[in-house]
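Read off the chains here:
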Amino acid sequence: MSDQDNGGDGNENRWTNWAGNLTSVPDEIAHPTSLADVQALVKRSAGTTMRTIGTGHSFSPLIVNNGETLVEMSHYADGPRKAWRWQNKGIDLVSFLPSAPWADVRDALTAPDPSLPQMYLSSTGALASINATGFVAAGCHGTGWSQQTVSDFVYAVEFVAADGQLHVFSEETTPNEMPSVRVNLGTLGIITKLTLRVEPLYNLHDEEIVTATESVMGPNPDGTGGEIRPENLHKLVTENEYVELFWFPGSGYNNGQIWIKKFNRTQDEPRDIPLRPDGWIDKMATSVMEWTSTHPLFWSPILSLAWNTIHDRAKAIEAKGGFVAPAPRVMFYADQAFPILDLEVAIPIPSTGPGTWDVGNIVRAWYAALNYAYKFQGAFPLTTCLHARFTKTSQSLLSPAYSTATEDRICWMEILSAYPKSEPDAGKRAAAMAPHLAMINAVMPDWIGTRHGRPHWAKNWQYITPHVNVKSLYPSQNLQTFNTLRRQLDPNGMFLNPFLTQQGLFT
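Residues numbered from 1 in each chain as written. Predicted model: local features only at pLDDT ≥ 70, side-chain atom pairs only at ≥ 80, totals over all residues. Heavy atoms only, no water.

Q: Which parts of the structure should I look at to understand a nonpolar patch on the surface?
A: Taken together, the side chains of Trp 291, Leu 297 and Phe 298 make up a nonpolar region of the molecular surface, amounting to roughly 360 Å² of accessible area. Within the secondary structure layout, Phe 298 lies in the loop between α7 (279-293) and α8 (299-319). (Patch = residues over 30% accessible without salt bridge, like charges linked within 9 Å, V, L, I, M, F, W, Y side chains within 5 Å. Areas by Shrake-Rupley, 256 points an atom, 1.4 Å probe, with all protein chains shown as cover. Salt bridge = Lys/Arg side-chain N within 4 Å of Asp/Glu carboxyl O. Helix = DSSP H or I, 4+ residues; strand = E, 2+ residues; numbered from the N terminus.)

Q: How should the environment of Val 443 be read in this particular structure?
A: One can find Val 443 in helix α11 (residues 426-450). With 288 residues separating them in the primary sequence, Val 443 and Tyr 155 have C-alpha atoms 37 Å apart. Apart from the residues lying within four places of it in its own chain, the contact partners of Val 443 are Ala 368, Ala 369, Tyr 372 and Ile 415. (Contact = heavy atoms within 4.5 Å.)

Q: I would appreciate a short explanation of empty space enclosed by the protein in the present structure.
A: Gaps between atoms show up when a probe of the same size as a water molecule is rolled over them. What the rule picks out here adds up to 1 cavity of 30 Å³ or more. Along the walls of the largest cavity sit Thr 124, Gly 125, Ala 126, Gly 142, Thr 143, Glu 244, Phe 263, Met 331, Tyr 333 and Arg 389, which together make up its complete lining. In terms of residue class, the lining of the largest cavity is made up of 4 nonpolar, 4 polar and 2 charged. (1 Å grid on protein atoms, 1.4 Å probe; cavity = no way out; pocket = protein on both sides within 12 Å on 5 of 7 lines; lining within 4 Å. Points joined across faces, edges and corners; volume = space filled by probe spheres on them. Nonpolar A, V, L, I, M, F, W, Y, C, P; charged D, E, K, R; others polar.)

Q: When you look at the nonpolar core in this model, what are you seeing that I'm missing?
A: Side chains that are nonpolar tend, in soluble globular proteins, to be buried together. Of all hydrophobic cores here, the largest spans 119 residues; its most connected members are Trp 102, Leu 245, Phe 390 and Trp 447. At 10 residues, the largest contribution of residues to this core is made by helix α10 (residues 360-374). If we ignore the near neighbours within four places in the chain, the residues touching Trp 102 are Phe 96, Leu 121, Leu 127, Ala 128, Ile 130, Ala 132, Phe 135, Val 136, Val 150, Leu 196 and Phe 332. (Core = buried A, V, L, I, M, F, W, Y, C linked by side-chain atoms within 4.5 Å. Buried < 20%, exposed > 50% of the residue type's maximum accessible area, 1.4 Å probe, protein only.)

Q: Teacher, can you tell me more about the sheet that holds strand β4 (residues 50-53) here?
A: The strands that make up a sheet are held in pairs by hydrogen bonds between backbone atoms, and each pair lies either parallel or antiparallel. With respect to topology, 3 strands assemble into an open sheet ordered β3-β5-β4, the strand pairing being parallel. The open sheet has two free edges, formed respectively by β3 (28-30) and β4, since each of these has just one partner strand. Going from strand to strand, the sheet's axes swing by 25 degrees on average, the running direction of each strand aside. Relative to strand β5 (residues 69-72), β4 is paired through 4 bridges, and the arrangement is parallel. In the strand pairing of β5, Arg 51 is matched with Leu 70. Across the sheet, helix α1 (residues 35-44) touches β3, β4 and β5, and the angle it forms with β3 is around 150 degrees. (Pairing = 2+ DSSP bridges. Axes fitted to C-alpha atoms, helices over the stretch in contact; angles between N-to-C directions.)

Structure follows, in structure tokens:
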């Protein structure tokens, strides 16, 4: 159910996602702690449905399962460890349980061990606190111009299917099924272990630059009769291994400024690593964001103040020529997830020849969002930021980045807005949400329609009106192949919920 419909039936079982925009009231929240517990739960639950929850870092109703069962795996164990690194036939690997956040995976990969080298993933998300299994199953991505999505690193997956038995899929034993199981949205069973390919630990040179939007994206096509000049963006993304772009509404008029984070591998030793903000700063920022979202009269000064803080911190890093740190410190640059609404779309970037890509789609999509925001002058409907990351395409059948064109690229572009999670008044929460909804509904016809993007499964695409026919965005053969396997493992839809069923994806 939505945040505006929190229910009132007295059921003590209640789950709310971390952002606060979704609530589920199941009949049961199960807490299995072992493989035997999971198997027993599935066997006794025939005729019901169940969805597995992680840290709730999702904005769409993927796991909302009112009146049925939610499975909470934070205490799941198999011995004393939640994650561990190992090698198999010369391949560096990390395995982890569904109770592990990315912080546990990071620590398992980098902890000193005389028998194994330190390792790390080629790409990750930005938050170490997110449940790693949910991140992978939902098709989350990371960043890296020559890197696939994190889900594509899956080497093996184990889960308990509707028959109550443990099923194991791996590159070695079931290579043909791997494109189906890597991004499965939890619809094949309850995942009990994941194994990802990793590589030797590496250092990154983090450079941060604040510059005029036009110096990255070229001139705004609204002022050039539709003409764009994307050469600077092409140069930026193709000459750096990892690039992230941020635009904040407090960065000024005339298209504002872009904060660039670019990372490149280096043999240099760590240097000039900036201190992370103290915990009290994160807590204060959370409170300010929530308060600001319900007080639009104060948006302009507070957003300007927030941008100035970001600008000054980035400039201080830029003045030292960036910094060098191990990959985990650079990639996990956010300590805390703030209460926000978030809609993200995977927008294709077609290859046009060896070493060249058409990034014009990205320029036009970026300005489609900015031009909407600037229509409101001081009353910005975008109260957090516009954010873009880049990866290769994916061969996982249900990945939003799916493509058979392996040389193409994807831009993951998202609109984030502050949300008052702690506000007790549902009317005020709805009023705070309204500008975000208005913006995404104005911009998505461009991002999804004109640019042929696919929404991120876990972001709040359920709010788009008219409702997105996601089934039409994926090749029919992908859905047929996935459903053939899904019907074998879950013939009666035990691992579906009403939201997933309504999309018409799973037959």
